[in-house]
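Residue strings, one per chain:
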Amino acid sequence: MALLNFKRRTQAMPATGHLDSFMSGYSIEVMPRTAEKVEDFRDLLPAGTRVYIAHIDGTEIEDMVATARRIADEGFPVMPHFPARSIPDAKTLADWIARYQGEAGIDQALLLGGGIATPRGNFHSSMQLIETGLFDQAGFKRLHVAGHPEGNKDIDPDGSDAVVMEALRWKQDFSERTDARVAMATQFAFDAQPIIAWADRLQAEGIRIPIHVGVAGPAKLQTLIKFAVACGVGPSLKVLQKRAMDVTKLVLPYTPAEVLADLAAHKQAHPDSLIEQVHVFPLGGIKTAAEWVTENAGEAGLPARHAARG
């Protein structure tokens, strides 16, 4: 069975203006090994799409920089991950920044703790990376940090969000004293309501950092459940579990139609919400994800693809 048949819509979203507007300017994530499978990103993505490059522990920096250079050369703004726990020291961090800038013209980054339990050196959080001052010194124009609408038990083992909230207040203060634009790219979730409630809570607490909401692109249900468990997705995992119990849906790929429609409707009703745009995790493949967004959000609401090559 094909992963997704684009000739026949599955869980298609209604073509609405506010949905087109909400999806416009979405970002997407790749890894060096998945990027190698794409002949030309200009054939898949609208012009101006921000492409994050995930740095999985063990990936050589040479491969990361080469991928960044290749995608930047195709005309896209590139945002590589800087995982704190995988960076042994400030010298290494400075070297990475210099390579990305000098070889690929990069001036933006996603700063996060990283996926390994034991740090390679003294860094264990995005705040420590920021405190080095190296990104400001290098003149980075945009710095994103990670957000967790359903909590993060690695940071708050007791199930609260006390440590996360303290960190967000620190990042809010940083956003006010840096020239770089700061935003939060969140972990993916499968239900809009926890995301909306979290965004409202942050706003009530005085946090004003824009939120780029993570959603999982179309994928087989088994694939999504595997990633969701590995990434610590919270209560919204029940959406997938409920779907798995429905025989009529079990064989169909999941799509983010429902969660996106709910988020778009909320943003239309509450334009001052911190929720700013969408970040797509292409767990079922970047081609599948990009084509699904194009088909369901509509070309009219998205920037035109690159017409030229070279």
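Let us look at the structure shown here. Predicted model only: the values in this text are computed from it and were never measured. Just so you know, the residues in each chain are numbered from 1, in the order the chain's sequence is written. pLDDT decides what is reported in this predicted model: residues at 70 or higher carry local features, side-chain atom pairs at 80 or more are listed and counted, and totals for whole chains, interfaces and linings draw on all residues regardless. Derived side-chain values reflect all non-hydrogen atoms in the structure, with water molecules and hydrogen atoms excluded from consideration.

## Focus on the packing of helix α3 (residues 61-73) against helix α4 (residues 90-104)
Axis separation between α3 and α4 bottoms out at 9 Å; the angle between their running directions is 30°. With respect to each other, α3 and α4 are oriented roughly parallel. The crossing of α3 and α4 is right-handed. Between α3 and α4, the residues in contact are Ile61, Glu62, Met64, Val65, Ala68, Arg69 and Ala72 and Trp96, Arg99, Tyr100, Glu103 and Ala104, respectively. Fitted lines through C-alpha atoms give the axes, limited to the stretch in contact for helices. The angle between two N-to-C directions lies from 0 to 180 degrees. Secondary structure follows DSSP: runs of H or I at least 4 residues long count as helices, runs of E at least 2 residues long count as strands, and numbering of each begins at the N terminus. Roughly parallel means an angle under 35 degrees; roughly antiparallel, over 145; roughly perpendicular, 65 to 115; everything else is oblique. Crossing chirality is assigned from the near helix's rotation relative to the far helix, an anticlockwise turn below a right angle marking it left-handed and a clockwise turn marking it right-handed. Note on contacts: a residue pair is in contact if any heavy atoms of the two residues lie within 4.5 Å.

## Regarding the pairing of strand β8 (residues 275-281)
Note on exposure labels: buried denotes an accessible area under 20% of the residue type's maximum, exposed denotes more than 50%, and partly exposed covers the range between, all computed with a 1.4 Å probe on protein chains only. Taking burial as the measure, the seven residues of β8 include six buried ones, the bulk of the element. A pair of strands counts as paired when DSSP detects no fewer than two bridges linking them. Relative to β8, strand β1 (residues 27-30) runs parallel, the two sharing two bridges. The residue of β8 that forms the bridge with Ile28 is Val280.

## Some thoughts on the packing of helix α8 (residues 192-204) against helix α12 (residues 257-269)
Put simply, α8 and α12 touch, their axes get as near as 9 Å, and they point 35° apart. When α8 is examined against α12, the residues Ala192, Ile195, Ile196 and Asp200 are found in contact with a partner set consisting of Val259, Asp262, Leu263 and His266. Of the residues belonging to the contact of α8 with α12, the class tally is five nonpolar, one polar and two charged. Only Asp, Glu, Lys and Arg are considered charged, only Ala, Val, Leu, Ile, Met, Phe, Trp, Tyr, Cys and Pro nonpolar, and every remaining residue, Gly among them, polar.

## Overview of α4
Taking 1.5 Å per residue as the helical rise, α4 with its 15 residues ought to reach 21 Å, and the 21 Å between its terminal C-alpha atoms agrees with that figure. Within the span of α4, buried status applies to Thr92, Leu93, Trp96, Ile97, Tyr100 and Ala104. For α4, the angular spread of buried residues about the axis comes to 140°, placing them on one side. More than 90 degrees from the buried face of α4, the exposed residues found are Lys91 and Gly102. Those residues of α4 that are buried lie in contact with α3, β3 (78-83), α5 (126-131) and α6 (134-137). Between a side-chain oxygen at the N-terminus of α4 and the backbone nitrogen of Lys91 the separation is 3.3 Å; the capping residue is Asp89. Residue Gly105 follows α4 closely and has a positive phi angle near 65°. Here, expected helix span is obtained from the residue count minus one, scaled by 1.5 Å. Note: the arc covers the axis-to-C-beta directions of the helix. Polar contact criterion, stated in full: a pair of N or O atoms within 3.5 Å, where within protein one must be able to donate a hydrogen and the other to accept it, and residues adjacent in sequence count only if both atoms are side-chain atoms.

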